[in-house]
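Listed below, chain by chain, are the residues.
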Amino acid sequence: MKHKGPLITLLAGLAVAAVLLVLSMNATNSSKTNTAGNAAPDGAVTVTLSAAPLVSSPPKTAAPTTATAAAQATYAGSTNGGAASIAIAVRDGKAVAYLCDGNRTEAWLQGTATGGQLNLTGAREARLTGTYDAAAAKGTVVAGGRTWTFSVVQVKAPSGLYRASATVRGAQVVGGWIVVNGKTVGITTVDGEPGPASAIDTSTGQTTLAGEPVTATPVDGSGL
Amino acid sequence: MTVDPPTVPTIDRSAAKLLVPVAVGCAVSLAIGVYAKVHTPTGIAVNVAGFSSPQTVKVWLATGAFLFAIAQLVSALVMYGKWPGVRAPSWIGMFHRWSGRIAFLLAVPVAMHCLYALGFSSYDTRTLAHSLLGCAFFGAFTVKMLSLRKSGLPGWALPLLGGLVFAGLTGLWLTSSLWFFTTSGITF
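Residues numbered from 1 in each chain as written. Chains lettered and ligands numbered in written order. Predicted model: local features only at pLDDT ≥ 70, side-chain atom pairs only at ≥ 80, totals over all residues. Heavy atoms only, no water.

*Asks:* Would you take a moment to explain the sheet that holds strand S5 (residues 117–122) of chain A for this structure?
*Replies:* Strands pair in a sheet through their backbones, by hydrogen bonds, and they do so in one of two ways: parallel or antiparallel. Residues and elements named next belong to chain A. Taken together, eight strands build a closed barrel; the order of strands is S1-S2-S3-S4-S5-S6-S7-S8 and the barrel is antiparallel. Averaged over all pairs of adjacent strands, the angle between their axes in this sheet comes to 25 degrees, without regard to strand direction. Here strand S7 (residues 136–143) runs beside strand S8 (residues 146–155); their pairing, made up of eight bridges, is antiparallel. Each bridged residue has a counterpart across the sheet, and for Val141 the counterpart in S8 is Trp148. (Pairing = 2+ DSSP bridges. Helix = DSSP H or I, 4+ residues; strand = E, 2+ residues; numbered from the N terminus. Axes fitted to C-alpha atoms, helices over the stretch in contact; angles between N-to-C directions.)

See the structure below:
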């Protein structure tokens, strides 16, 4: 006579997991806040919802946070070591971040900023995790197979994150600029190929993309 | 003088009964790990009302699970007569089973949130350890549950498996809830 109890326990766990998965999928679909969207062409990160997990388990947990984090804020500065710049704009639980070394490496990321925890993803497996509060944001960002750590403070306009995108002669052109205390770092990508960015007038947003005059806009965390 | 044939050691094959449960448990761990790695984390999942954030929900569910896990350890020690001066009461088996079930069921939503919203993570030692432990824990739990249905297992089997499950959950709690409490304070 075999005991059924343990099996029932396992199946109950599986059932709870299945119900939560369905609820989570609905939550994700309805709030559309799912991850990664992003400017760079190859974007289109589809959330893979197939493959129901077995019992379930997981990685990563809780989030950190201290005090109250601002509902809307932009954090910007150099990554640790100074190799690149990063800007993170947070608004109402959502966040947009831009990592840029002004030369070849850049990544746009989108995700969530809740409970003091940053969790963003971008094209080509770019990811950012970290913490933020009213004064500063810090964490780790992975892009292009490299990892940077950062600890940056909140900045006020005209410092911040700017972005412009346009289709120029059939090519998708996207420019990103991180401005901190009058110092600007930027990259313009043409169909995903990074290159130098033009200067930007932060008071008007005037700049050029692939020779075409455009107006860049300040990025807040609500999306790209 | 006749010498004892019984001294020829009979090969103890009772441990072989663990093979199937262990294989299934490994498959569970692997499946969870692969899903966590392949699935694109959404950053959000279904939330539970009454807490300030999904993180605090998880922290407290996990803490609840951990407390029941301690009850598991104590009741197991009592059952096996390893708690000095305490004789196992008749209800101890029932208590052990139900505290275990509750611990497991508390851990499942936490794990689902981790899996669905966050995925397998290796940013630092803590998240890597937590990810690996999470996969291992549910595999070990599966082995333990399936082993309970086998009779004639070696005496060390259930204490070993139970110990692994307890150690796994403890590690998970330390790398998540305790870390949260130390970085964010005790919040609800």
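*Asks:* How should I be thinking about the sheet that holds strand S15 (residues 217–218) of chain A in this particular structure?
*Replies:* Strand order in the open sheet formed by five strands is S12-S11-S10-S9-S15 (chain A), and the pairing between neighbours is antiparallel. Edge positions in the sheet fall to strand S12 (193–196) and S15 of chain A, since each of these pairs with one other strand and no more.

*Asks:* I keep staring at a nonpolar patch on the surface and nothing clicks. Help me out?
*Replies:* A cluster of nonpolar side chains, namely B:Leu67, B:Ile70, B:Leu73, B:Val74, B:Trp83 and B:Val86, defines an oily patch on the protein surface of about 470 Å² accessible area. Mapped onto the secondary structure, B:Ile70 falls in helix H2 (residues 54–79). (Patch = residues over 30% accessible without salt bridge, like charges linked within 9 Å, V, L, I, M, F, W, Y side chains within 5 Å. Areas by Shrake-Rupley, 256 points an atom, 1.4 Å probe, with all protein chains shown as cover. Salt bridge = Lys/Arg side-chain N within 4 Å of Asp/Glu carboxyl O.)

*Asks:* How do you make sense of the pattern of salt bridges when you look at a structure like this?
*Replies:* Opposite charge on two side chains permits pairing when their charged atoms draw close. Residue and element names in this part refer to chain A. Considering all chains together, one arrives at three salt bridges over all chains under this definition. Across the pair Arg91 and Asp92 runs a salt bridge whose closest N-O atoms are separated by 3.7 Å. Using a relative accessible area of 31% as the deciding quantity, one classes Arg91 as partly exposed. Residue Asp220 pairs with Arg91 through a salt bridge whose shortest N-O separation is 2.8 Å. (Buried < 20%, exposed > 50% of the residue type's maximum accessible area, 1.4 Å probe, protein only.)

*Asks:* Would you explain the environment of B:Leu67 in this entry?
*Replies:* Residue and element names in this part refer to chain B. By the secondary structure assignment, Leu67 is in helix H2. Owing to a relative accessible area of 52%, Leu67 belongs among the exposed residues under this scheme. On a C-alpha basis, the gap between Leu67 and Ser99 in space is 9.4 Å, while along the polypeptide they are 32 residues apart.

*Asks:* I would appreciate a short explanation of the pairing of strand S3 (residues 94–100) of chain A in the present structure.
*Replies:* As a general feature of sheets, a regular strand has side chains that alternate between the two faces. Residue and element names in this part refer to chain A. Of all seven residues in S3, six are buried, a share of seventy percent or more. Sheet analysis places strand S2 (residues 85–91) next to S3, joined by seven bridges and oriented antiparallel. For Ala87, the partnering residue across the bridge sits in S3 and is Tyr98. What sits between the antiparallel neighbours S2 and S3 is a turn of two residues, in which Asp92 has the positive phi angle 50 degrees. When S3 meets strand S4 (residues 106–114), the two strands line up antiparallel, connected through seven bridges. Among the inter-strand pairings, Lys94 is bridged to a residue of S4, identified as Thr112.

Just distances and angles here, no functional claims.
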